[in-house]
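A closer look at the structure
Residue strings, one per chain:
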Amino acid sequence: MGEQNHSPGKELQPWTRKEAPGKRSWHSHAYALGAISNFMSTFLTFPIYKVMFRQQIHAVAVSEAVRQLWHEGPQYFYRGIYPPLLSKTLQGTLLFGTYDSMLFCLSPVGPHSLGHRWAAGLMSGVVEAVALSPFERVQNVLQDGRKQARFPSTFSILKEFHSYGLWGRLSQGYYRGFWPVLLRNSLGSALYFSFKDPIQNSLAEQGLPHWVPALVSGSVNGTITCLVLYPLIVLVANMQSHIGWQSMPSLWASVQDVWDTRGRKVFLIYRGGSLVILRSSVTWGLTTAIHDFLQRRYHSRKELKD
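All values derive from a computational prediction rather than experimental measurement. (Residues numbered from 1 in each chain as written. Predicted model: local features only at pLDDT ≥ 70, side-chain atom pairs only at ≥ 80, totals over all residues. Heavy atoms only, no water.)

Summed over all chains, the structure comprises 10 aromatic pairs. Plain terms: the ring middles of tyrosine 99 and phenylalanine 193 are 3.8 Å apart, the flat faces sit at 10 degrees to each other, and that makes the pair stacked. Residue tyrosine 99 is located in helix 3 (residues 82–106), and its partner phenylalanine 193 is located in helix 7 (residues 178–204); the two are separated by 94 residues in the primary sequence. Across the pair, exposure class does not vary: tyrosine 99 and phenylalanine 193 are buried alike. When the centroid spacing of 5.4 Å and the interplanar angle of 25 degrees are considered together, the rings of tyrosine 230 and tyrosine 270 count as stacked. On the criterion of sequence distance, the pair formed by tyrosine 230 in helix 8 (residues 211–240) and tyrosine 270 in the loop between helix 10 (266–269) and helix 11 (273–305) is long-range, its members being 40 residues apart. What makes tyrosine 230 buried here is its relative accessible area of 6%. Every member of this aromatic cluster is reached through a ring pair, and the members are Phe96, Tyr99, Tyr192, Phe193 and Trp284. (Phe/Tyr/Trp six-rings, centres within 6.5 Å; stacked < 30°, edge-to-face > 60°. Helix = DSSP H or I, 4+ residues; strand = E, 2+ residues; numbered from the N terminus. Buried < 20%, exposed > 50% of the residue type's maximum accessible area, 1.4 Å probe, protein only.)

Turning our attention to the packing of helix 4 (residues 114–143) against helix 5 (residues 154–161). Two numbers describe how helix 4 lies on helix 5: the axes approach to 10 Å, and their chain directions differ by 120 degrees. Put simply, helix 4 runs oblique to helix 5. Where helix 4 crosses over helix 5, the two elements pack in a sense that is right-handed. Residue-level contacts link Arg137, Val138, Val141 and Leu142 of helix 4 to Thr154, Ile157, Leu158 and Phe161 of helix 5. Residue composition of the contact of helix 4 with helix 5, grouped by class: six nonpolar, one polar and one charged. (Axes fitted to C-alpha atoms, helices over the stretch in contact; angles between N-to-C directions. Parallel < 35°, antiparallel > 145°, perpendicular 65-115°, else oblique. Left-handed = near helix turned anticlockwise from the far one by under 90°. Contact = heavy atoms within 4.5 Å. Nonpolar A, V, L, I, M, F, W, Y, C, P; charged D, E, K, R; others polar.)

It is worth spelling out the confidence of the model for the chain at this point. Chain-level statistics for the chain give a pLDDT mean of 83 and a share of 86% at 70 or above. Within the chain, helix 2 (residues 62–72) has the poorest average pLDDT of any element, 80, and helix 7 the best, 95. Taken together, the stretch residues 1–25 has pLDDT below 50 and engages in 61 contacts with residues farther than four places along the chain or on a different chain. (pLDDT = per-residue confidence, 0-100.)

Relative orientation of the contacting elements helix 4 and helix 6 (residues 166–174) amounts to 65 degrees, with a least axis distance of 10 Å. Here Ser133, Pro134 and Arg137 of helix 4 come into contact with helix 6, specifically with Gln172, Gly173 and Tyr174. For the contact of helix 4 with helix 6, the per-class residue count stands at two nonpolar, three polar and one charged.

Charged atoms that come close allow side chains of opposite charge to pair. Under the counting rule described, the total for this entry stands at six salt bridges. In this structure, arginine 67 engages glutamate 64 in a salt bridge whose closest nitrogen and oxygen atoms are separated by 2.8 Å. Remark: glutamate 64 and arginine 67 occur in helix 2; sequence separation between them is three residues, near one turn of the helix. The class for arginine 67 is partly exposed, based on a relative accessible area of 47%. The shortest N-O distance in the salt bridge between arginine 150 and glutamate 160 comes to 3.7 Å. Highlighted residues: arginine 150 in the loop between helix 4 and helix 5 and glutamate 160 in helix 5, separated in sequence by 10 residues. (Salt bridge = Lys/Arg side-chain N within 4 Å of Asp/Glu carboxyl O.)

As a further point, take helix 5. For helix 5, the complete set of buried residues consists of Ser156, Ile157, Glu160 and Phe161. Buried residues in helix 5, looked at end-on, bunch into an arc of 140 degrees, giving them a common side. Looking at helix 5, the residues exposed on the side facing more than 90 degrees away from the buried face are Phe155 and Lys159. (Arc of directions from axis to C-beta.)

This part takes up the nonpolar core. Core analysis: the largest hydrophobic core is formed by 11 residues, namely Cys226, Leu229, Tyr230, Leu232, Val234, Leu235, Met239, Val258, Ile269, Val276 and Ile277. Of all the elements, helix 8 adds the most residues to this core, at seven residues. Val138, Val141, Phe161 and Tyr174 belong to the second largest nonpolar core, which has nine residues in total. (Core = buried A, V, L, I, M, F, W, Y, C linked by side-chain atoms within 4.5 Å.)

Moving on: the side chain of aspartate 292. Following the sequence through the fold, aspartate 292 ends up in helix 11. At a separation of 3.0 Å, a polar atom in the side chain of aspartate 292 contacts the side chain of glutamine 200. (Polar contact = N/O pair within 3.5 Å; in protein donor to acceptor, adjacent residues only side chain to side chain.)

Together, Ile36, Phe39, Met40, Phe43 and Leu44 line one region of the surface with nonpolar side chains, adding up to about 430 Å² of accessible area. Examined against the element boundaries, methionine 40 turns out to sit in helix 1 (residues 28–58). The exposure class of methionine 40 is partly exposed, given its relative accessible area of 35%. (Patch = residues over 30% accessible without salt bridge, like charges linked within 9 Å, V, L, I, M, F, W, Y side chains within 5 Å. Areas by Shrake-Rupley, 256 points an atom, 1.4 Å probe, with all protein chains shown as cover.)

To continue, consider the environment of serine 194. Take serine 194: it is sitting in helix 7. Using a relative accessible area of 0% as the deciding quantity, one classes serine 194 as buried. Taking the C-alpha atoms as reference points, serine 194 and arginine 117, 77 residues apart in sequence, are found 5.1 Å from one another. Apart from the residues within four sequence positions on either side, serine 194 is in contact with Leu114, Arg117 and Trp118.

Mapping threonine 45 onto the fold places it in helix 1. For threonine 45, a relative accessible area of 9% translates into the label buried. Apart from the residues lying within four places of it in its own chain, the contact partners of threonine 45 are Val282, Thr283 and Leu286.

And the structure:
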């Protein structure tokens with residue numbers, strides 16, 4: 001998935017692997033680079049996230065949201081960063097690490113075709129959905145203001161889930177809305193990894209600084225992927241905000257509810273989506289650029305040692 005450190009203007013070709021027989025078929029550095037890149041991009045964009053979140057909650061202009069945060073003091077800009085920092089770091093670890101491992105299994109030497117990148121991205125999204133869906137489920141309940149009185153803390157939500165019984169804890173508790181999560185994450189990862197390198201390579205041929213193609217490629221991919229899959233994002237939020245064994249609508253009922261509450265019009269489903277899409281563009285642009293930079297340094301050092 002990485003690229004050789006060519007000078008600007010030359011096409012960036014994917015790194016090929018030359019493993020001796022009997023050596024390990026996965027590379028731990030891919031997991032580490034994914035974790036670091038997501039950690040750094042989340043840390044850098046968290047103040048932007050807080051501005052957007054404040055705007056969504058209080059329905060104020062961006063300038064007013066910034067003024068509120070500035071009035072509270074710069075020391076509070078990063079208040080509440082630990083939960084998303086943990087989840088996003090884990091997401092990067094699984095997403096990039098699993099993709100790299102799957103890609104090696106499909107094509108140990110390379111070059112990697114579109115089919116290989118799509119399949120590896122799809123599987124990395126599946127792993128991500130299985131591992132992180134419970135975190136997203138709890139977060140969506142916490143963010144629903146209608147449930148603050150009944151479920152004021154994470155512990156109160158977990159206590160509710162554990163009252164459902166073994167199967168209920170999974171189907172109605174931690175993995176409520178899992179199928180749309182699985183579809184969203186697998187397709188999103190497949191789209192991202194399928195077109196990240198081709199876009200980056202085509203931009204690198206224009207003689208741009210090496211960090212620009214990665215940044216633009218990640219931003220374009222993040223924007224398009226979020227735009228295409230935004231209806232699933234809305235559906236997941238709607239399904240996972242429900243809690244209580246007796247008040248769980250089915251998947252089809254949830255789809256119908258989202259469609260009806262949006263006036264049965266596609267453009268109304270995207271209401272409020274501009275901020276989410278913008279955040280996705282910024283976050284994935286930075287993540288891709290940081291990951292590309294770290295991967296270049298890793299392979300440069302490895303070549304020097306060899």
